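# Geometric and topological summary
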Amino acid sequence: MTSSPEAPPVTHRPALFWASALCVAALVLVPLWMLLGNPAVLRGHPLLPALLVTAVVVGVLWAVLLWRRRRTSPKRSVLRSVGAWAGRVAVLALVAMLLWLNPFAYLPSSPVAVGSASSASVAEESTAIVMTPAGAPASRGLVFYPGARVEARAYTDILRPAVDAGFLVVILKTPLNLSLLDGNQARGAMTAHPEVSSWAVGGHSLGGVSASSFALGNPDVDGLLLYASYPLDSMRDRAGLKVMSISGSEDGLSTPEKIDASRQLLPLDTTFVEVQGGNHAFFGDYGPQPGDGEPTVGRDVAQEQIAAATVSFLTQM
């Protein structure tokens, strides 16, 4: 009895094979590039690194499966072929989304003048950066939501003067660097510091939107600090809330027109401060931002004004 001859190896790869190979490469290379090339990824909220590692593992397992099936060319029905192609397009879309989530990393600039001799202590946790003033425990505090895709460390320098003025400052590390994914995250920070009796919340850009929503729904919040931001809902009837809105005259994202339009959403006694010549990216230290306006003043000059206005607001809260 003779055995049947083996099928000849496949020499012509179908297009779906190469599409799979492209997905494998994207799943492995893009997350590795983000993990190894951007220190802000590992310094931020753990959700993004976990997703990136998962993508790499899936990519490696898929590569092994492709290798084992390299000599076969399975036949598929039209419906299965359409589903296979749709699945690969979805994978590439997910990888593109992960790439878009690559955060703006902290880029240290010259220290803000009013905080250059800071004695504050800084503790970095998995979901927050806690800045504690020297001396007696602080009785007043600020919880700050970063802007979209901006590393939390980017706000340590500009908020350090507030710590030196005696305020506990907690800068949140938001999931995927998008504060809207956990708008109630400030509550955890407040609960973790029962020694603080008076709280303000604040945020930059999208972070300010989250801070506004949190302040609107939580009456134990005494102040709202907006950096180049504005609320989505009216806060006119929110009693007992002090608000300061700080913006830049050259902001290309939260433009002066948008800030002016937000006046009708904020309490009548809101204080508005416009930094002449400042732009959107001057509210943190993370470099230039696409779509932003061109500043006409130095970063250090603008940030000194922002820091001084912040301290003045928190002190009078």
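Residues numbered from 1 in each chain as written. Predicted model: local features only at pLDDT ≥ 70, side-chain atom pairs only at ≥ 80, totals over all residues. Heavy atoms only, no water.

## Points about the side chain of Arg 238
Looking at where Arg 238 falls in the secondary structure, it is placed in the loop between β6 (221-227) and β7 (242-248). One buried charged residue, Arg 238, forms no salt bridge at all, with the nearest opposite charge on Asp 220 at 6.1 Å. A polar side-chain atom of Arg 238 sits 2.8 Å from the main-chain carbonyl oxygen of Ala 215. Setting aside chain neighbours within four positions, we find Arg 238 in contact with Ala 215, Leu 216, Asn 218, Pro 219 and Val 221. (Helix = DSSP H or I, 4+ residues; strand = E, 2+ residues; numbered from the N terminus. Buried < 20%, exposed > 50% of the residue type's maximum accessible area, 1.4 Å probe, protein only. Lys, Arg positive; Asp, Glu negative; His and termini not counted. Salt bridge = Lys/Arg side-chain N within 4 Å of Asp/Glu carboxyl O. Polar contact = N/O pair within 3.5 Å; in protein donor to acceptor, adjacent residues only side chain to side chain. Contact = heavy atoms within 4.5 Å.)

## Things to note about the pattern of salt bridges
Counted according to the given criterion, the structure contains eight salt bridges. The residue Glu 124 makes a salt bridge to Arg 153 at a minimum N-O spacing of 3.1 Å. Pair noted here: Glu 124 is in strand β1 (residues 121-124) and Arg 153 is in the loop between β3 (140-145) and α5 (156-164), with a separation of 29 residues, a long-range link. A salt bridge links Arg 187 to Asp 220; its shortest N-O distance comes to 2.9 Å. Here Arg 187 is found in helix α6 (residues 185-191), whereas its partner Asp 220 is found in the loop between α7 (206-217) and β6, with 33 residues between them in sequence. The class for Asp 220 is partly exposed, based on a relative accessible area of 36%. Among the ionic contacts, a cluster of salt bridges with common partners joins Glu 124, Arg 153 and Lys 173.

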